[in-house]
Structures are given as structure tokens and as C-alpha cells.
Amino acid sequence: MPVTSKSSSSNFLRQFRNAESRELNKLSAVQFVEVWDHYDNDGNGVIEDEELDGFLREFVGTVNAEEDLEQVTEEILAELKACFLEAYDDNEDGKIDIRELAQLLPMEETFLLLFRFDNPLESSVEFMKLVVPVRHGVAGGYIGGG
């Protein structure tokens, strides 16, 4: 049985990919938070277990045709997950935190500065303290391209 994220009817990540080139578009801060919120289903600050499986299935599905999503077997998913964690799980905890996801997804440069290695955020909680008030209009504005 396929593992899915919150929205099983469509591929959430597909909206952020260029249909012709299949490349991911650069995400604004608001879009990045939307992606994070979508896959961190339980809100615990990491994408893990079934959440990570759903993310990986949809990530692969954005590159391939819609019908190819069904071709991602549990064996392929396990191999993909191992390779993905080896490449992006910097702290080797078997989970993807917000900083690790920021390495994978292309983002607008100004937003990317939040994740600089010489002054990194300590956790997704620290990130949300910065973004949520701005997202809701506190401090007089919004982060992002809108």
C-alpha cells in the first residue's frame, strides 16, 4: 500500500515544479513553510517515518509522469530513503529537520540566508518563531514574494 501525505488526491510538490523543464522553482519563505507544514504532519519539527515516505514518493512523482508514481515499490522507496538520508541527514538521526530540507529545495536567496552554515538556526522551532509572526502580519509585513 502506498504511503501518502496529508493530501492523497494530488502531488503537493508538483505545483512547485516547472512543467516543461521538471525543475523545482525557487521557493519563497511562505512556499517553503507550506511545504514544511504539509509534510510535517504531526508538527513535531521533523519529517520522519511515513511523512518522509510520503515526501519522497511525491518528490519522485514530480519528476516522473503521474502514472509512474505507482511504480515506486516499497523496495525502491527503502533504497531511495537510505540514499536520501545519507545525502541530506547531516546529524544522522534518520529524520529530516528544517535546515536539512532547506539544503534540498531551491529557495530564494534572501530566505536562504536564514539557513547559513556560519549562523545556523538551531531547530525548526527557532525558524517558526521567526517566520510565523511575519506570516501573520505582525512586525508590519510578510516574508516572501507576495
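Residues numbered from 1 in each chain as written. Predicted model: local features only at pLDDT ≥ 70, side-chain atom pairs only at ≥ 80, totals over all residues. Heavy atoms only, no water.

Trainee: I'm lost on the overall build of the chain in this one. Help?
Mentor: In terms of regular secondary structure, the chain is built from 6 helices and 2 strands. Traced from its N-terminal end to its C-terminal end, the chain shows the element sequence α-β-α-α-β-α-α-α. Burial statistics for the chain: of 146 residues in total, 37% are counted as buried. Counting only contacts in the chain whose residues sit at least 6 apart along the sequence, the fraction spanning at least 24 positions is 57%. With the model as given, the accessible surface of the chain reaches about 8500 Å², and the carbon-plus-sulfur share is 51%. (Helix = DSSP H or I, 4+ residues; strand = E, 2+ residues; numbered from the N terminus. Buried < 20%, exposed > 50% of the residue type's maximum accessible area, 1.4 Å probe, protein only. Contact = heavy atoms within 4.5 Å. Areas by Shrake-Rupley, 256 points an atom, 1.4 Å probe, with all protein chains shown as cover.)

Trainee: Any chance you could explain unusual backbone geometry here in plain terms?
Mentor: Glycine aside, residues mostly have negative phi, and peptide bonds are mostly found in the trans state. Even without a glycine there, the phi angle at R22 is positive, about 70°. For R22, the location among the structural elements is in the segment before α1 (29-39). Residue classification places R22 among the partly exposed positions, given a relative accessible area of 33%. With a phi close to 55°, E92 is a non-glycine residue in the positive phi region. Looking at the element boundaries, E92 is found in the loop between α3 (74-88) and β2 (96-97).

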